[in-house]
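Chain by chain, the residues run as shown.
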Amino acid sequence: MRLRRLSLAAAGLAFACSLASPALAEDVTYRNERFGTSATFPAELFPDQLPAPTNGDGLGWTSPEGAELFIYARPRQPGETPRTVVRDRGSVDDVTYDRSGRRWVVVSGYRDGRIFYERYIFRGDLVHSVSIRYPESLRDTYDPLVGPVTMTLRGPSGS
């Protein structure tokens, strides 16, 4: 009898906690059919899908407040490496953060008064990317999710 009371109490506590916890936002995983690029993001923060480009290289989404998310792939340029991505971005943007490995790079900073955070992964002759851009006034909302979203970026290992 005592074990049953404990089980009922535990079930009641779990139910009460579920009522007190906020509902989790629905995540969307986009996968590009042309290149196999994929990434996952919270749908409620990027509710509006942009028109698809005619070349089929990826998709973009926006928020009513002006945040943007782009998931795409593109051909790798001759001689392009993670370090050249940082160099090239630094020539046109105010880069405040960069990290790279042999086959990936993350670069972040400011462009036109907006924050950008981008991750690129190099797979063969393709570069897969996820890019998040948002006004500085939205920093508290978007800063915490740039890492988790960009770390979901995937590209086929055989590409």
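Refer to the preceding data block for the structure.
A short tour of the structure in this document, coming up. From a predicted model like this one, the values you see are computed outputs, not experimental measurements.

1. A few points about the overall build of the chain
When helices and strands are tallied, the chain shows three helices and nine strands. Across the 159 residues of the chain, 40% fall into the buried class. Of all intrachain contacts in the chain linking residues separated by at least 6 positions in sequence, the fraction that spans at least 24 positions is 43%. Of the roughly 9400 Å² of accessible surface on the chain, 55% is carried by carbon and sulfur atoms.

2. Description of unusual backbone geometry
With a phi close to 55°, D112 is a non-glycine residue in the positive phi region. Within the element layout of this structure, D112 appears in the loop between β7 (104–111) and β8 (114–123). Under the relative-accessibility criterion, D112 is labelled exposed at 74%.

3. Looking at the side chain of T62
You can see T62 is positioned in strand β4 (residues 58–62). Given a relative accessible area of 18%, T62 falls into the buried group. If near-sequence neighbours (up to four positions away) are discounted, T62 is found in contact with F46, P47, D48, L50, A67 and E68.

4. Examining the nonpolar core
Residues F46 and L69 are the most contacted members of the largest nonpolar core, which totals 23 residues. Among the elements of the structure, β2 (38–42), β4, β5 (68–75), β8, β9 (126–135) and α3 (139–150) are those that each provide at least two residues to this core. It is α3 that contributes the most residues to this core, four residues altogether. Contact partners of L69, with chain neighbours within four places excluded, come to F41, F46, L59, G60, W61, V130, S131, I132 and V149. One finds F70, F116, F122 and V127 within the second-largest nonpolar core, a separate group that totals ten residues.

5. Brief notes about helix α2 (residues 82–92)
Residues P82, T84, V85, V86 and R89 constitute the buried set of α2. Buried residues belonging to α2 abut β6 (94–100), β7 and β8.

6. Quick notes on the environment of V146
Relative to the helices and strands, V146 is located in helix α3. Residue classification places V146 among the buried residues on the basis of a relative accessible area of 7%. Separated by 14 residues in the primary sequence, V146 and I132 have C-alpha atoms spaced 7.0 Å apart. Excluding its chain neighbours within four sequence positions, the residues that come into contact with V146 are Y117, I132 and Y134.

7. Here's the deal with the packing of aromatic side chains
Throughout the structure, instances matching the rule amount to five aromatic pairs. Note on F41 and F46: the rings are 6.1 Å apart at their centroids and 80° apart in plane angle, and the pair reads as edge-to-face. Here F41 and F46 have matching classes, each one buried. Feature note: the residues Y30, F41, F46, W61, Y134 and Y142 constitute an aromatic cluster, connected by ring pairs. Note that R89 overlies the ring of F116, its terminal NZ or CZ placed 4.3 Å from the centroid.

8. Focus on the pairing of β7
Looking at chain direction, β6 and β7 are connected through six bridges and run antiparallel. In the strand pairing of β7, Y97 is matched with S108. As consecutive antiparallel partners, β6 and β7 are separated by three residues. Alignment of β7 against β8, held across eight bridges, turns out to be antiparallel. Opposite W104, over in β8, you have I121 as the bridge partner. Taken together, β7 and the strand that follows it, β8, pair antiparallel across an intervening segment of two residues, in which D112 is found at a positive phi of about 55°.

About the thresholds
Residues numbered from 1 in each chain as written. Predicted model: local features only at pLDDT ≥ 70, side-chain atom pairs only at ≥ 80, totals over all residues. Heavy atoms only, no water. Helix = DSSP H or I, 4+ residues; strand = E, 2+ residues; numbered from the N terminus. Buried < 20%, exposed > 50% of the residue type's maximum accessible area, 1.4 Å probe, protein only. Contact = heavy atoms within 4.5 Å. Areas by Shrake-Rupley, 256 points an atom, 1.4 Å probe, with all protein chains shown as cover. Core = buried A, V, L, I, M, F, W, Y, C linked by side-chain atoms within 4.5 Å. Phe/Tyr/Trp six-rings, centres within 6.5 Å; stacked < 30°, edge-to-face > 60°. Lys NZ or Arg CZ within 6 Å of the ring centre and 35° of its normal. Pairing = 2+ DSSP bridges.

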